[in-house]
Amino acid sequence: MTDPPHRIAVLAVDGVVGLDLGTPSQVFGAARADDDTRLYAVDTCTPGGHPVRSSAGFRVLPDHGLDLVAAADTVVVPGVHGSAPVVDGTVDADVTAALRAAHARGARIMSICTGAFVLAAAGLLDGRRATTHWAYADRFRRLHPGVDLDPDVLFIDGGDVLTSAGVAAGMDLCLHVVRTDHGSEVANRAARRCVVPPWREGGQAQYIERPVPQAAHTGTAATREWARQRLHEPVALRDLAAHARMSVRTFTRHFRSETGLSPAQWLLQQRTDHARLLLETTDLSIEQVARRSGFGTAAALRQRLHERVGVPPSAYRRTFRPRA
């Protein structure tokens, strides 16, 4: 007997962003088991089940009210424009009650883009690290000083509450959740169905507007690909700079500008992701995974994986290795 699909409620409030509204059903709907069975059931709701206006000039006519939130395993709040959550930091009392009740009973709560304003207005982000669209960072801080806002990342996984940056970062977060729930192979297939990359490098710092565009010939993309093919080798900063034909200082500046990360942070992220993929998709020993991903020893891999996901390699493999 197969397990019922994971229930997801997409909660739209007045001013909902159309792309954000459709992202969960598109990404989670593309997540399928090997027999093509859907792994998630996604439905949309609004306060009272009433129509709400979108920021794009059309109205959303939902099939459900807030009772859907009360029954969902995961609740996703899309971004909003021009309505109370982003104007004055408030949200309807019924929405607050529904979100708090869902969180209290253990439902996973997610926001896309400025949907973080709704979660913050409901009191779910107090004292937490969170993110939202970089262009709204100053307003968010003014309205919600009790939230530890990080506008440089694409998403933040706080376990029970997850937030993402602007627009397309909602896809990044949804794919991350699929990967967490079902492993890399399922997430990669879902990404291919959606014709998007399984994950993107760095944070949203690379998308912030700058007064002077960088010349194409100064980019570090080729060097990043070169390094990605050598994760099993000891690659130093000076090696990266030499490949890019830049000084270390210039290379570091360009690299951070393009990815939102330092070269060392990026390399560690790549090695960790590669180790996770090997643990999920191969029978290599932990020592072999550590060597092939550039950590050298199982102890180093164990420490890094515990920092990143909170479990040792053996436990991670048992959890995320696809079932036979």
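Starting from 1, residues in each chain are numbered consecutively following that chain's sequence as written. This being a predicted model, a pLDDT of at least 70 is required before a residue's local features are given, and a value of 80 or more before pairs of side-chain atoms are given or counted; all residues contribute to the totals for chains, interfaces and linings. Side-chain metrics in this entry use all non-hydrogen atoms of the structure; hydrogen atoms and water are not considered.

Undergrad: When you look at the overall build of the chain in this model, what are you seeing that I'm missing?
TA: Each helix and strand in the chain was counted, giving 15 helices and 10 strands. Taken against the 2.2 N^0.38 rule, which gives 20 Å for 324 residues, the C-alpha radius of gyration of the chain at 21 Å falls within 12% of a compact globule. With the C-alpha coordinates of the chain rotated into their principal frame, the extents come out at 60 × 55 × 35 Å. Classification of the 324 residues of the chain by burial places 48% in the buried group. Accessible surface computed for the chain: about 15,500 Å², of which carbon and sulfur atoms make up 52%. The average position of the 38 basic charges and that of the 34 acidic charges among the side chains of the chain differ by 7 Å. Starting at the N terminus, helices and strands are each numbered in turn, a helix being any DSSP run of H or I of at least four residues and a strand any DSSP run of E of at least two. Throughout, radius of gyration means the C-alpha value; the globule benchmark is 2.2 Å times the number of residues raised to the power 0.38. Only protein chains enter the accessibility calculation, which uses a 1.4 Å probe. A residue is then buried if its area is under 20% of the maximum for its type, exposed if over 50%, and partly exposed in between. All accessible-area figures derive from a Shrake-Rupley calculation using a 1.4 Å probe, and residue coverage is judged against the displayed protein chains alone. Charged residues are defined narrowly, with Lys and Arg counted positive, Asp and Glu counted negative, and His plus the chain ends left uncounted. Each charge is placed at NZ for Lys, CZ for Arg, CG for Asp and CD for Glu.

Undergrad: So what exactly am I meant to see when it comes to helix α10 (residues 237-244) here?
TA: Every α-helix carries 3.6 residues per turn, so stepping three or four residues along brings you back to the same face. When we look at burial in α10, the residues that qualify are Leu240, Ala241 and Ala244. The buried residues of α10 occupy an angular sector of 95° when projected down its axis, which confines them to one face. Away from its buried face, by an angle of more than 90 degrees, α10 presents the exposed residues Arg238 and Ala242. In this structure, the buried residues of α10 make contact with α9 (221-228), α11 (248-259) and α12 (263-281). Looking at the residues trailing α10, positive phi occurs at Arg245, about 60°. To obtain the arc, one takes the directions from the helix axis to the C-beta atoms. Note on contacts: a residue pair is in contact if any heavy atoms of the two residues lie within 4.5 Å.

Undergrad: I tried to follow the packing of α9 against α12 on my own but got confused; where do I start?
TA: Each pair of packed helices can be summarised by the angle the axes make with each other and by the distance between the axes. At their nearest, the axes of α9 and α12 sit 11 Å apart, and the two run at 40° to each other. It follows that α9 is oblique to α12 by the angle criterion. Helix-helix and strand crossings are classified by hand; for α9 and α12 the assignment is right-handed. Facing α9, whose interface residues are Arg224, Ala227 and Arg228, α12 presents Trp266, Leu267 and Gln270. Note that Gly is not counted as nonpolar here; it falls among the polar residues with everything else outside the nonpolar set of Ala, Val, Leu, Ile, Met, Phe, Trp, Tyr, Cys and Pro and the charged set of Asp, Glu, Lys and Arg. For the contact of α9 with α12, the class distribution of residues is three nonpolar, one polar and two charged. Throughout, an axis means a line fitted to C-alpha atoms (over the contacting stretch in the case of helices), and angles, computed between N-to-C directions, take values from 0 to 180 degrees. When describing relative orientation, an angle under 35 degrees is termed roughly parallel and one over 145 degrees roughly antiparallel, while 65 to 115 degrees is termed roughly perpendicular and anything else oblique. Definitions for this section: a left-handed crossing has its near helix turned counterclockwise from the far helix by less than a right angle. A right-handed crossing has that turn clockwise.

Undergrad: When you look at the nonpolar core in this model, what are you seeing that I'm missing?
TA: Within the largest apolar cluster, 33 residues are counted, with the highest numbers of intra-cluster contacts made by Leu11, Val69, Leu99 and Leu125. Residue assignment for this core shows that the elements contributing at least two residues are β1 (6-11), α2 (67-71), β5 (74-77), α4 (93-104), α5 (115-121) and α6 (137-143). By residue number, the principal contributor to this core is α5, which donates five residues. Contact partners of Leu125, with chain neighbours within four places excluded, come to Ala116, Leu119, Ala120, Ala130, Phe140, Gly146, Val147, Val161 and Thr163. Nine residue types can take part in a nonpolar core, namely buried Ala, Val, Leu, Ile, Met, Phe, Trp, Tyr and Cys, and a core is a set of them joined through side-chain atoms within 4.5 Å. Counting 28 residues, the second-largest nonpolar core is a separate cluster that includes Val76, Met110, Leu173 and Ala190.

Undergrad: Explain the environment of Ser247 to me, please; I cannot follow it from the model alone.
TA: Within the secondary structure, Ser247 sits in the loop between α10 and α11. Whenever two N or O atoms come within 3.5 Å, that pair is a polar contact, provided that in protein one can donate a hydrogen and the other can accept it, and provided that, for residues adjacent in sequence, both atoms are side-chain atoms. Within the structure, Ser247 has its side chain in polar contact with the side chain of Thr250 (distance 2.9 Å).

Undergrad: What exactly am I supposed to notice about the confidence of the model for the chain here?
TA: Note: predicted coordinates in regions of low pLDDT should not be interpreted at a detailed level. pLDDT measures the predictor's confidence residue by residue and takes values from 0 up to 100. Mean pLDDT for the chain: 89, with 92% of residues reaching 70 or above. Of all secondary-structure elements in the chain, the lowest mean pLDDT belongs to helix α15 (residues 313-320), at 80, while β5 reaches the highest, 98. In the model, residues 208-217 has pLDDT below 50 throughout and makes seven contacts with residues more than four positions away in sequence or in other chains.

Undergrad: Before we go on, may I ask you to explain the sheet that holds strand β2 (residues 40-45) in this structure?
TA: Within a sheet, adjacent strands bond to each other through the backbone by hydrogen bonds, running parallel or antiparallel. Within the open sheet, the six strands sit side by side as β2-β1-β5-β6-β10-β9. Their pairing is mixed. Because the sheet does not close on itself, it has two edges, and the strands there are β2 and β9 (155-157). For this sheet, the mean angle separating the axes of adjacent strands, direction not counted, is 15°. When DSSP finds two or more bridges between two strands, those strands count as paired. Bridging between β5 and strand β6 (residues 108-111) involves four bridges; their strand directions are parallel. Across the sheet, the residue bridging to Val75 is Ile109, located in β6. The sheet strands contacting helix α1 (residues 18-29) are β1, β2, β5 and β6, and the helix crosses β2 at an angle near 165°.

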